[in-house]
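One letter stands for each residue in the lines below.
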Amino acid sequence: MQEINHFDVIVIGSGPAGEKAATQASKLKKNVALIEKNKHLGGVSLHTGTIPSKSLRETVMNFSLLRQQTHGIEINIKENLTTSELMYLKEEVVRDQENSLRRNFQKNKITIFEGTPQFKSTSILEIIPSDGSDILEISADFFIIATGSSPLRPNWAPFNNESVFDSDTILDIKRLPKKVTIIGAGVIGC
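For clarity, every value in this text was computed on a predicted model and none was experimentally measured.

(A) Representation of the environment of Phe119. Along the chain, Phe119 falls in strand β4 (residues 116-119). Residues Phe119 and Ser139, 20 residues apart in the sequence, show an inter-C-alpha distance of 9.6 Å. Ignoring sequence-local partners within four residues, the contact set of Phe119 consists of Ile12, Ile124, Leu125, Phe143 and Ile145.

Below is the structure:
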């Protein structure tokens with residue numbers, strides 16, 4: 001174990017709520033740490049929710065518009081786009097947004113830790129790094145837990161990432177289906 005670093009505020013989770021909390025605390029001149037268990041910052045909104053789904057929708061709409069002949073100008077695009085070609089822009093958008101988020105944390109002097117946090121007491125957290133390096137202990141006066149959400153996987157659905165997906169795994173789909181059934185009418189389902 002290393003020496004315990006102390007912060008005014010520790011935020012757990014780097015999604016929209018965690019980002020806003022950490023940034024606001026920093027702007028109030030607090031010494032802030034942010035812990036993210038995943039290797040990528042930004043949470044569900046950036047990696048499997050709002051941003052990728054809107055990016056894919058925008059890509060498909062742009063291709064659809066390009067297929068139309070307008071004002072006497074004919075534009076030809078590849079007829080059989082692959083799924084990986086459609087996903088390219090999504091990946092670029094997500095990467096750019098994550099880099100922007102990282103720059104914002106650096107600008108606001110927010111210390112980032114990658115790993116799984118566990119409370120040891122009301123003021124001390126243990127961070128188990130995902131890369132297997134030494135366990136860290138940090139302490140704070142205040143904690144904000146903003147760990148986000150994950151898709152529900154009911155037992156009756158045979159999730160196999162070939163024909164049955166959840167909102168996270170659908171973004172890695174290898175081929176576009178001719179038909180689709182969506183169960184759930186939440187923001188991502190719609």
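(B) How the structure looks around the packing of aromatic side chains. One pass over the structure, following the stated rule, counts two aromatic pairs. A ring pair is formed by Phe119 and Phe143, whose centres lie 5.0 Å apart and whose planes are at 70°; its orientation type is edge-to-face. Remark: Phe143 occurs in strand β6 (residues 136-145) and Phe119 occurs in strand β4; sequence separation between them is 24 residues. The exposure class assigned to Phe119 is partly exposed, which follows from its relative accessible area of 43%.

(C) Structural detail: the layout of surface pockets. Size it by volume and the largest pocket reaches roughly 1600 Å³. In terms of lining, the largest pocket is formed by 45 residues, of which the most central are Asp166, Ser167, Ile170, Val180 and Ile182. Listing elements by their share of the lining of the largest pocket, those giving two or more residues are α3 (50-67) and α4 (83-107). Looking at the lining of the largest pocket, the element that brings in the most residues is α3, giving seven residues. For the lining of the largest pocket, the per-class residue count stands at 26 nonpolar, 12 polar and seven charged. In this model, the second largest pocket occupies a volume close to 550 Å³. If you go around the second largest pocket, you meet 25 residues; those closest to its centre are Glu36, Asn38, Gly43, Val44 and Thr147. Every element with two or more residues in the lining of the second largest pocket is listed here: α1 (16-27), β2 (32-36), α2 (43-47) and β4. When residues in the lining of the second largest pocket are grouped by element, the largest group, four residues, is from α2. Grouping the constituent residues of the lining of the second largest pocket by class yields seven nonpolar, 14 polar and four charged.

(D) Just the pattern of salt bridges, in detail. Counting across every chain of the model gives six salt bridges. For Glu92, the salt bridge goes to Arg95, with nearest N and O atoms at 2.7 Å. Taken together, the residues Glu92 and Arg95, both in helix α4 and three residues apart, mark about one turn of the helix. The class of Glu92 is partly exposed, set by a relative accessible area of 24%. By relative accessible area, which is 41% here, Arg95 ends up partly exposed. One salt bridge connects Glu98 with Arg102, and the closest N-O pair in it is separated by 3.5 Å.

(E) Broad picture of unusual backbone geometry. Positioned with a positive phi, Lys29 is a non-glycine residue whose angle comes to about 70°. Inspection of the secondary structure puts Lys29 in the loop between α1 and β2. Phi at Lys109 is positive, roughly 55°, even though this residue is not glycine. When you line up the elements, Lys109 lands in the loop between α4 and β3 (111-114).

(F) Representation of the pairing of β2 in the model. Of all the five residues making up β2, five are buried; the element is thus mostly covered by neighbouring parts of the structure. Neither face of β2 is open: one carries Val32, Leu34 and Glu36, the other Ala33 and Ile35, and all of them are buried. For strand β1 (residues 5-12) and β2, the ladder comprises four bridges, and the chain directions are parallel. Among the inter-strand pairings, Val9 is bridged to a residue of β2, identified as Val32. Assessed by its sense of winding, the connection that carries the chain from β1 through α1 to β2 is right-handed.

(G) Local environment of the sheet that holds β2. Pairing is mixed across the open sheet formed by six strands, whose spatial order is β3-β2-β1-β6-β5-β4. Of all strands in the sheet, those bounded by a partner on one side alone are β3 and β4. Averaged over all pairs of adjacent strands, the angle between their axes in this sheet comes to 45°, without regard to strand direction. Bridge count between β1 and β6: seven bridges; the pairing is parallel. Bridging from a neighbouring strand, Phe7 pairs with Ala140 of β6. Strands β1, β2 and β6 of the sheet are contacted by α1, whose axis makes an angle of about 165° with β2.

Cut-offs used in this document
Residues numbered from 1 in each chain as written. Predicted model: local features only at pLDDT ≥ 70, side-chain atom pairs only at ≥ 80, totals over all residues. Heavy atoms only, no water. Helix = DSSP H or I, 4+ residues; strand = E, 2+ residues; numbered from the N terminus. Contact = heavy atoms within 4.5 Å. Phe/Tyr/Trp six-rings, centres within 6.5 Å; stacked < 30°, edge-to-face > 60°. Buried < 20%, exposed > 50% of the residue type's maximum accessible area, 1.4 Å probe, protein only. 1 Å grid on protein atoms, 1.4 Å probe; cavity = no way out; pocket = protein on both sides within 12 Å on 5 of 7 lines; lining within 4 Å. Points joined across faces, edges and corners; volume = space filled by probe spheres on them. Nonpolar A, V, L, I, M, F, W, Y, C, P; charged D, E, K, R; others polar. Salt bridge = Lys/Arg side-chain N within 4 Å of Asp/Glu carboxyl O. Pairing = 2+ DSSP bridges. Right-handed = clockwise from strand over helix to strand, strands pointing away. Axes fitted to C-alpha atoms, helices over the stretch in contact; angles between N-to-C directions.

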